[in-house]
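Architecture at a glance
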Amino acid sequence: MSRLVTIYGGSGFVGRYIARQLAKEGWRVRVACRRPNDATYVRTYGVVGQVEPVLCNIRDDTSVRQVMQGAEAVVNCVGTFDATGKNNFDAVQAEGAGRVARIAAESGVARMVQISAIGANAESESDYQRTKGEGEAAVLEHMPGAMILRPSVIFGAEDAFFNRFAGMSRMGPILPVVGGDTKFQPVYVGDVAAAAALGAAGKAPGGIYELGGPDVASFRDLMQEMLAVIRRRRLVLDMPFWLARIMASGLDLLSKLTLGLFGNGILTRDQVITLRQDNVVSDGARGLADLGIRPTSTEAVLPDYLWRFRPAGQYDAIKESAGRLGSK
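Here the residue index of a chain counts from 1 through its sequence in written order. Whole-chain, interface and lining totals are the exception, using all residues; otherwise, since this is a predicted model, local features are given only for residues with pLDDT of at least 70 and side-chain atom pairs are given and counted only at 80 or more. With hydrogens and water set aside, each side-chain value is computed from the structure's full complement of heavy atoms.

Under the scheme used here, helices are H or I runs from DSSP no shorter than 4 residues and strands are E runs no shorter than 2 residues, and both carry numbers assigned from the N terminus. In this scheme, a helix's expected span is set at 1.5 Å multiplied by one less than its residue total. Taking 1.5 Å of rise per residue, 16 residues should cover 22 Å, and helix α4 (residues 127-142) covers 23 Å from first to last C-alpha, within 8% of that figure. Residue Ser126 occupies the N-cap position of α4, its side-chain oxygen lying 3.3 Å from the main-chain nitrogen of Tyr128. Two N or O atoms count as a polar contact when they lie within 3.5 Å, although within protein this holds only if one can serve as hydrogen donor and the other as acceptor, and sequence-adjacent residues are included solely when both atoms are side-chain atoms.

What follows is the structure in structure tokens.
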């Protein structure tokens, strides 16, 4: 019988790639998520019955335990950018990660992979980074041999980074950013999935790995690269941090007063804090090379999914070609 892996948050951006990778390698995959009826697409990642979405609430012991039964390995991809509500930073990224690890240890699960983030630090001023760090500590307390993956900003067809700013570029001649000089090392979601699959299968030692792509670039330069791909000319305007803090405080307050109906996630104080720090692989840290994975560049992937933001979408290249013929 095929080995079974449970992936918490397996229907999300990163989780679905991990589910697909492990299904390819012959695993039976249990995708634990809050809305399994909205995650039926994961069934197509394998043969009939190989990949199944199941209901799970990472805030509940019984729920986490039930979907883990019989699993040889678990992968926790659950994360959030929500500072409020029941599924906030502390409940999901700190307590939730610890709950999965504790129950995995109690259930005799052989291996665990935890998806964290570069910058994770239990002492950080940022609640996002603090809870990521607390989640790592809780995982290692219960599963000391776990693999911890700390990716930089992750890109891919469903990402919330390049897609978000490409969408914003259609709204006017100016593209505002905060922390234009902040450095990132974007990592392809498929490479993160490959690393997680190695950890789940026990083909790589546990411990902390920081994952970054082949290139380091400033936030501003990444936006210029994105604009070149979608063939739009925009002024990338770097907003001063003092102004960003004021705007973020106002939007946070608006979100609270309207119960998240307005202002939620546009720009938060926590995001402003994290954007003050470079998001790149640390010197001496283990990474993709130590796992035998050759990192994929943004140049190789962005055109494959950002074409829809071009002025003429899928027909943009045809229009350019026709224009060149007409000029001859």
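The subject of this paragraph is the pattern of salt bridges. Any two side chains of opposite charge can pair, given that their charged atoms come close. Any carboxyl oxygen of Asp or Glu that lies within 4 Å of a side-chain nitrogen of Lys or Arg is treated as forming a salt bridge with it. One pass over the structure, following the stated rule, counts 14 salt bridges. With a shortest N-O distance of 3.1 Å, Arg130 and Glu134 are connected by a salt bridge. Here Glu134 and Arg130 lie together in helix α4, a separation of 4 residues that amounts to about one turn. Looking at Arg130, the relative accessible area reads 17%, which means it is buried. One salt bridge in this structure joins Asp238 and Arg220, with 3.3 Å as the shortest N-O distance. Taken together, the residues span a long stretch of sequence, with Asp238 in strand β13 (residues 235-239) and Arg220 in helix α7 (residues 219-230) at a distance of 18 residues. Here the salt bridges do not stand alone but share partners, grouping Asp61, Arg65, Arg99, Arg102 and Glu106 into one network. Partly exposed residues are those whose accessible area sits between 20% and 50% of the maximum for their type, while under 20% is buried and over 50% is exposed, using a 1.4 Å probe and protein chains only.

Below, the discussion takes up the packing of aromatic side chains. When the centres of two rings from Phe, Tyr and Trp lie within 6.5 Å, Trp using its six-membered ring, the rings pair. Their planes under 30 degrees apart give stacked, over 60 give edge-to-face, and anything left gives tilted. Tallied over the entire structure, the rule returns 11 aromatic pairs. Seen in terms of ring centroids, Phe155 and Phe162 are 6.4 Å apart; in terms of plane orientation they differ by 80 degrees. Their pairing is edge-to-face. Each member of the pair, Phe155 together with Phe162, is buried. Centre to centre, the rings of Phe161 and Phe162 are 4.9 Å apart; their planes meet at 80 degrees, and the pair counts as edge-to-face. Across the pair, exposure class does not vary: Phe161 and Phe162 are buried alike. Members of the aromatic cluster, joined through ring pairs, are Phe155, Phe161, Phe162, Phe165, Phe184, Tyr188 and Phe219. The cationic tip of Arg164 hangs over the ring face of Phe165; the distance from NZ or CZ to the ring centre is 5.7 Å. Each ring is checked for a lysine NZ or an arginine CZ that lies within 6 Å of its centre and within 35 degrees of its normal; such an atom marks a charge sitting over the ring. Above the plane of the ring of Phe241 lies Arg276, whose end atom (NZ or CZ) is 4.4 Å from the centre.

When the terminal C-alpha atoms of helix α8 (residues 241-257) are compared, their 24 Å separation across 17 residues agrees well with the 24 Å that a helix rising 1.5 Å per residue should span. Ala244, Ala248, Leu251, Asp252 and Ser255 are the residues of α8 that are buried. Along the axis of α8, the buried positions cluster into a sector of 105 degrees, meaning they face one direction only. Structural note: α8 exposes Trp242, Ile246 and Leu257 on the side pointing more than 90 degrees away from its buried face. Packed against the buried residues of α8 are β8 (174-178), β13 and α9 (269-274). As used here, the arc is the angular range of directions from the helix axis to the C-beta atoms. By the convention used here, residues are in contact when the closest approach between their heavy atoms is within 4.5 Å.

The next subject is the side chain of Gln93. Relative to the assigned elements, Gln93 resides in helix α3 (residues 89-107). Side-chain polar atoms of Gln93 contact the backbone oxygen of Tyr128, separated by 3.4 Å. Once you skip the residues sitting within four places of it in the chain, Gln93 turns out to touch Gly79, Thr80, Asn88, Tyr128, Thr131, Lys132 and Gly135.

As a further point, take the packing of helix α1 (residues 13-24) against helix α6 (residues 189-201). Angles run from 0 to 180 degrees between N-to-C directions of axes, and those axes are lines fitted to C-alpha atoms, restricted for helices to the stretch in contact. It is at 8 Å that the axes of α1 and α6 come closest, and there the two elements cross at 55 degrees. With respect to α6, the element α1 is oriented oblique. Read as a crossing pair, α1 and α6 show a hand that is right-handed. Counted together, Phe13, Val14, Tyr17, Ile18, Gln21 and Leu22 of α1 and Val189, Val192, Ala193, Ala194, Ala196, Ala197 and Ala200 of α6 form the full contact between these two elements. Between 65 and 115 degrees an angle is taken as roughly perpendicular, under 35 as roughly parallel, over 145 as roughly antiparallel, and anywhere else as oblique. By the definition used in this description, the sense in which the near helix is turned from the far one sets the handedness, with an anticlockwise turn below a right angle giving left-handed and a clockwise turn giving right-handed.

Right, let's get into the sheet that holds strand β4 (residues 73-76). Two strands form a pair only when DSSP identifies at least two bridges running between them. The 7 strands lie next to each other as β3-β2-β1-β4-β5-β6-β11, forming an open sheet whose pairing is parallel. Edge positions in the sheet fall to β3 (51-55) and β11 (207-211), since each of these pairs with one other strand and no more. Ignoring which end each strand starts from, the neighbouring axes of this sheet average 20 degrees apart. One ladder, built from 4 bridges, connects strand β1 (residues 4-8) with β4; its direction is parallel. Along β4, the bridge assignment pairs Tyr8 with Asn76. Across the sheet, α1 lies against β1, β2 (28-33), β3, β4 and β5 (111-115), angled at about 170 degrees from β1, the strand it touches most.

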